[in-house]
Amino acid sequence: MGEDRATGPGAPRIATGPGKIGKPRRMAGARQAQQWLLTLLPAFPVLLLVLRLWQLSRQDMSTMLLLVQYVSPLGLLSALLIALVWAFPVVVLTFGVLGRLLRLSAPDRFDPERSLLASGTARTPGWVLTAAVALGALTWQLRFLPSLLMLGLWLLALRTRYLHPDQPTRVLVVSVALPLAAAVLAYSVLGPAIWTAVQEGELSTAALLAVPPAATLLLTGPVPDWVAPALTHGLAFTVAAVLPVVMGAVFLRVPLLPTAAIEVAPKDTAEAAPKETAEAAPKDTAGLEVVLGALITVTDTSTIVLDQTAGVRFLPNGQVESQVLCPQAAQVPYSQVSVRGWPVEETALDWMMPRRPVAEPDVRCEGRLPPVRPGPS
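Cut-offs used in this document
Residues numbered from 1 in each chain as written. Predicted model: local features only at pLDDT ≥ 70, side-chain atom pairs only at ≥ 80, totals over all residues. Heavy atoms only, no water. Helix = DSSP H or I, 4+ residues; strand = E, 2+ residues; numbered from the N terminus. Contact = heavy atoms within 4.5 Å. Areas by Shrake-Rupley, 256 points an atom, 1.4 Å probe, with all protein chains shown as cover. Axes fitted to C-alpha atoms, helices over the stretch in contact; angles between N-to-C directions. Parallel < 35°, antiparallel > 145°, perpendicular 65-115°, else oblique. Left-handed = near helix turned anticlockwise from the far one by under 90°. Nonpolar A, V, L, I, M, F, W, Y, C, P; charged D, E, K, R; others polar. Buried < 20%, exposed > 50% of the residue type's maximum accessible area, 1.4 Å probe, protein only. Core = buried A, V, L, I, M, F, W, Y, C linked by side-chain atoms within 4.5 Å. Pairing = 2+ DSSP bridges. Phe/Tyr/Trp six-rings, centres within 6.5 Å; stacked < 30°, edge-to-face > 60°. Lys NZ or Arg CZ within 6 Å of the ring centre and 35° of its normal. Salt bridge = Lys/Arg side-chain N within 4 Å of Asp/Glu carboxyl O. Expected span 1.5 Å × (residues − 1). Arc of directions from axis to C-beta. Polar contact = N/O pair within 3.5 Å; in protein donor to acceptor, adjacent residues only side chain to side chain.

Now, about the overall build of the chain: what can you tell me, with residues and values included?
Of regular secondary structure, the chain possesses 15 helices and seven strands. Across the chain, contacts joining residues at least 24 apart in sequence account for 73% of those joining residues at least 6 apart. As displayed, the chain offers around 21900 Å² of accessible surface, 64% of which is attributable to carbon and sulfur atoms.

Outline the packing of helix α6 (residues 87-105) against helix α8 (residues 126-139), supporting the account with residue identities and numerical values.
Here α6 crosses α8 at 135 degrees, and the two axes come no closer than 9 Å. Overall, the two elements α6 and α8 adopt an arrangement that is oblique. Of the two elements, α6 crosses α8, and the hand of that crossing is left-handed. The segment α6 lies against α8, with Phe88, Pro89, Val92, Leu93 and Arg100 engaging Val128, Leu129, Ala132, Val133, Leu135 and Gly136. Partitioning the contact of α6 with α8 into residue classes produces nine nonpolar, one polar and one charged.

Could you give me a rundown of unusual backbone geometry, with the residues and numbers involved?
Although it is not a glycine, Arg58 adopts a positive phi angle of roughly 55 degrees. By the element assignment, Arg58 lies in the loop between α3 (43-56) and α4 (61-70). A positive phi angle, close to 60 degrees, is found at Gln59, a residue other than glycine. As for its placement among the helices and strands, Gln59 is situated in the loop between α3 and α4. For Gln59, a relative accessible area of 48% gives the class partly exposed.

Run through the nonpolar core, naming residues and quoting values.
With 64 residues, the main nonpolar core has Leu84, Val97, Phe251 and Ile296 as its most contacted residues. Residue contacts for Ile296: discarding those within four places in its chain leaves Leu66, Leu67, Tyr70, Leu257, Ile304, Val305 and Leu306. In terms of nonpolar packing, the next biggest core, distinct from the first, is built from eight residues, Ala260, Ile262, Val291 and Leu295 among them.

Residue-level account of the pairing of strand β1 (residues 259-264), with values.
Summarising burial for β1: five of the six residues are buried, a large majority. Across six bridges, the pairing between β1 and strand β2 (residues 289-298) is antiparallel. The residue bridging Glu263 from the neighbouring strand is Val290, located in β2.

Account for the packing of aromatic side chains, naming residues and giving values.
Aromatic ring pairs: the centre-centre distance and the angle between the two ring planes describe each pair. Considering all chains together, one arrives at zero aromatic pairs under this definition. The side chain of Arg103 reaches across the aromatic face of Phe110, ending 5.7 Å from its centre. The ring of Tyr162 carries Arg103 above its face, with NZ or CZ at 3.9 Å from the centroid.

An account of the sheet that holds β2 is needed here, citing residue identities and associated values.
Across the sheet, which stays open at both edges, the five strands sit in the order β4-β3-β2-β1-β5 with antiparallel pairing between neighbours. Since the sheet does not close on itself, it has two edges, and those belong to β4 (312-316) and β5 (320-325), each with one partner. Neighbour-to-neighbour, the strand axes of the sheet open up by a mean angle of 45 degrees, direction not taken into account. The pairing of β1 with β5 spans five bridges and is classified as antiparallel. Within β5, the position partnered with Val264 by the bridge is Val320. In this fold α4 packs onto β2, β3 (302-307) and β4, with an angle of close to 60 degrees to the strand it touches most, β2.

Can you break down the pattern of salt bridges residue by residue, with the values?
Tallying each qualifying case throughout the model produces two salt bridges. We note a salt bridge from Arg143 to Glu345, for which the minimum N-O separation is 3.9 Å. Within this pair, whereas Arg143 is found in the loop between α8 and α9 (145-163), its partner Glu345 is found in the loop between β7 (342-343) and α15 (348-352), the two being separated by 202 residues in sequence. The exposure class assigned to Glu345 is partly exposed, which follows from its relative accessible area of 21%. With a closest N to O distance of 3.0 Å, Arg313 and Glu289 form a salt bridge. Here the residue Arg313 occupies a position in strand β4, and Glu289 occupies one in strand β2, the gap between them amounting to 24 residues. For Arg313, a relative accessible area of 28% corresponds to the partly exposed category. For Glu289, a relative accessible area of 33% puts it in the partly exposed group.

Pulling in residues and values, what's your account of helix α5 (residues 73-84)?
With 12 residues, α5 extends 16 Å from end C-alpha to end C-alpha; this agrees with the ideal 16 Å at 1.5 Å per step. Inspection of α5 places Leu76, Ala79, Leu80, Ala83 and Leu84 among the buried residues, and these make up the whole buried set. Seen along its axis, α5 keeps its buried residues to an arc of 105 degrees; they face one direction. Set apart from the buried face of α5 by more than 90 degrees, the exposed residues are Leu74, Leu81 and Ile82. In this structure, the buried residues of α5 make contact with α3, α6 and α12 (228-251). The distance from a side-chain oxygen at the start of α5 to the backbone nitrogen of Leu74 is 3.2 Å, and the residue carrying that oxygen is Ser72.

Note that all results are geometric; they support no functional claim without further evidence.
If you want it as structure tokens, here you go:
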């Protein structure tokens, strides 16, 4: 996708001189909205991080301040990026389609100086849209890829109609032939999965796989000019209102601290038996305790853990017998549908990256003590 033209036929003229109503007055709407957006946009990730820590601390201010002191900002941002990387293609492609639809359907209402949607469309280069499609192909689950195909073909068709209105053959190929061929190919690949989803009662999965290829043919051209402004701006406001809520709901389930199982000995036992002696003798499990929770940090004197009741425990390092990192539990799949062996809930990155070898889980990660180790003969 190449770079679109910055202005359309409805671009406002500059009026100068005293008493004239022209661009300086009309430009205030989009510029003010843009300034507010650029001001509030960096605050949204910070708000998500604070809410996540507030939830993790179970609304206890002292616990939250402790987490803020020890939790790495880089770790927080990494968790935020990995959890919400899918949102960038959603924003770019959705608003890109709506803006180009407005420009093509009602060029006299496409005013980058008054509409934030028009301003973003006029200033978004084509390579950003291409990168968004590529990122979506890697990070979206398989059941959402038909929607990605639909958005990409809509963008291509709307852009072609705008840039090449004098080439009807080219417009016909991009707006009709290409979406029709893509729909036929998609149904030939997804057909068995759609039928399986219907049989299993997974109607939402069946709709996500079946509807977008057919809907690709519906929005490759302009809509009536009288409905275009209300339709595009209404959908844009709806997406802008719903998407932050969805992003927040997803991020509030993301783990921010490593889960660890720590074997702790009673204080009197730890003081009576040095570690060298304890390692040479048979291990006595009497009085031992396994603390399972989120590992906050390890200081010179203690190991700080946020246990499963959201209580902070300071474990003296002299009492810590052993500790093990517990892997995150695999998410139970909701859908049983797959496309040629590819589960619909997995992304392309899941298939491309190497999988962790299956190992026997450590009993300490279940809150139980390991078996007694025999001593040397």
